[in-house]
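Structural overview
What follows is each chain in one-letter form.
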Amino acid sequence: MRGLASDRTLLLSAALGCIASAAVTVAWCASMSSLPGMAMPGGWTMSMAWMRMPGQGWPGAAATFAGMWTVMMIAMMLPVLVPMLLRYRRAIYSSDVGALTWRVAAGYFALWILAGLLAFPPGVALAELAMREPAVSRAAPLASAVVLLLAGAWQLSAWKARQLECCRDTIDCCRPPRVTARAAWRHGFDLGVRCLRCCAPLTAALFALGVMDPVAMLVVTAGVSLERLAPRGERVARVIGCGLLLAGLLGALGALE
């Protein structure tokens, strides 16, 4: 009974965390959309995620991006993390299982935060290059379409199928969990690495579509959750891959007109 009660506590906490992070993400996106974006040659608008606010230095801009990225990732990835946390709880025997579970979650999201911080400098560099060079800006829609095409092909690959099978079918996806605080954090970090590898095509598509675009975030969140949790997730993954290919093809045709 105690195990069931603690599982319910975890599920309730995760649901509240997901709702809260989703609400913050929506509010943040709304505030960003209220700011005037920069119209770019090629018929697109530069996202404020890659730009500094007036009077803001680059450390502040990086901190702002990290905050947006963190709450967005919690909202997007918490639904697929919860089953892994439940499996972890049932695989270990410790009176400190609750604290260990939260350390696993902390390690998991630490990987995703690190990924966002690593993506920020090249994103800013490309944005500044597009602002300085009109030819680069005009090529951006076609480049985004190419990324979608590559993401679709990646989604349909045997490599993706192996990563998805690991995330769906094994107990911990990485290594047998050990009952120490450091091992729990490392276990969560390793889960994050595997999860990032599995989600790489959809993450690439998110950057191509707009990292702070609400519709893109909703579509990617639904795709990640369905391919992991649906009864025939491998088929869902292939459907998503075909959808990315179609979106990339339509985007390329539009960019070449």
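Presented here is a report on the structure given in the accompanying data block. Bear in mind that the values here come from a model prediction, so they are computed numbers and not experimental data. (Residues numbered from 1 in each chain as written. Predicted model: local features only at pLDDT ≥ 70, side-chain atom pairs only at ≥ 80, totals over all residues. Heavy atoms only, no water.)

1. A few points about the overall build of the protein chain
Here is the rule: Helix and strand assignments follow DSSP, with helices taken as H or I runs no shorter than four residues and strands as E runs no shorter than two, numbered in order from the N terminus. Buried means the residue's accessible area, taken with a 1.4 Å probe over protein chains only, is under 20% of the maximum for its type, while exposed means over 50%, and partly exposed covers the values in between. Any two residues having at least one pair of non-hydrogen atoms within 4.5 Å are treated as being in contact. Each accessible area is a Shrake-Rupley result for a 1.4 Å probe, and residues are judged covered by the shown protein chains and nothing else.
Looking only at helices and strands, the protein chain has eight helices and two strands in total. N-terminal to C-terminal, the α/β element order of the protein chain is α-β-β-α-α-α-α-α-α-α. Across the 257 residues that make up the protein chain, the buried fraction comes to 40%. Taking all contacts inside the protein chain whose residues are at least 6 apart in sequence as the whole, residues at least 24 apart take part in 77%. A total of about 13200 Å² of accessible surface is found on the protein chain, and carbon and sulfur atoms cover 69% of it.

2. As for the packing of aromatic side chains
Note the threshold: Stacked, edge-to-face and tilted are the three classes for Phe, Tyr and Trp ring pairs, Trp counted by its six-membered ring, which pair at centre distances within 6.5 Å; planes under 30 degrees apart are stacked, over 60 edge-to-face, the rest tilted.
Throughout the structure, instances matching the rule amount to six aromatic pairs. The interplanar angle of 35 degrees and the centroid separation of 4.9 Å between the aromatic rings of Phe65 and Phe120 together place this pair among those described as tilted. Of this pair, Phe65 sits in helix α2 (residues 58-91) while Phe120 sits in helix α3 (residues 97-132), and the two are 55 residues apart along the sequence. A relative accessible area of 2% means that Phe65 is categorised as buried. Three or more aromatic residues joined by ring pairs make a cluster, and in this case those are Phe65, Trp69, Phe120 and Phe207.

3. With respect to helix α6 (residues 181-209)
The following threshold applies: Bend angle per residue: angle between axes fitted to the 7 residues ending at that residue and the 7 residues starting there.
At Ala200, α6 shows its largest kink, close to 65 degrees, and the proline Pro201 lies no more than four residues downstream. Immediately beyond the C-terminal end of α6, within one or two residues, lies Gly210, with a positive phi of roughly 130 degrees.

4. With respect to the nonpolar core
We apply this condition: Here, nonpolar core means buried Ala, Val, Leu, Ile, Met, Phe, Trp, Tyr and Cys residues that are tied together by side-chain atoms lying within 4.5 Å of each other.
Membership of the largest hydrophobic core comes to 54 residues, with the highest contact counts inside it found for Phe65, Met72, Met77, Leu81, Tyr108, Trp112 and Val211. The set of elements that each furnish at least two residues to this core consists of α1 (2-34), α2, α3, α4 (134-155), α6, α7 (214-229) and α8 (233-256). Those residues within four positions of Phe65 in sequence are excluded, and the remaining contacts are Ala49, Trp50, Gly116, Phe120 and Val211.

5. Thoughts on the pattern of salt bridges
Convention followed: Salt bridge, as applied in this entry: a Lys or Arg side-chain nitrogen positioned within 4 Å of an Asp or Glu carboxyl oxygen.
A full pass over the atoms with the stated rule returns two salt bridges. Across the pair Asp190 and Arg186 runs a salt bridge whose closest N-O atoms are separated by 3.1 Å. Of this pair, Asp190 and Arg186 both sit in helix α6, four residues apart, which is roughly one turn of that helix. Overall, Asp190 belongs to the buried group, its relative accessible area being 12%.

6. Quick notes on a nonpolar patch on the surface
Put simply, the rule is: Nonpolar side chains (Val, Leu, Ile, Met, Phe, Trp, Tyr) within 5 Å and like charges within 9 Å form the patches, drawn only from residues with over 30% relative accessible area and no salt bridge.
Taken together, the side chains of Leu142, Val146, Leu150 and Leu256 define a hydrophobic patch exposed on the protein surface, amounting to about 360 Å² of accessible area. Residue contributions to the nonpolar patch peak at three residues, all from α4. With respect to the helices, strands and loops of the structure, Leu150 is situated in helix α4. According to the relative accessible area criterion, Leu150 is exposed, its value standing at 57%.

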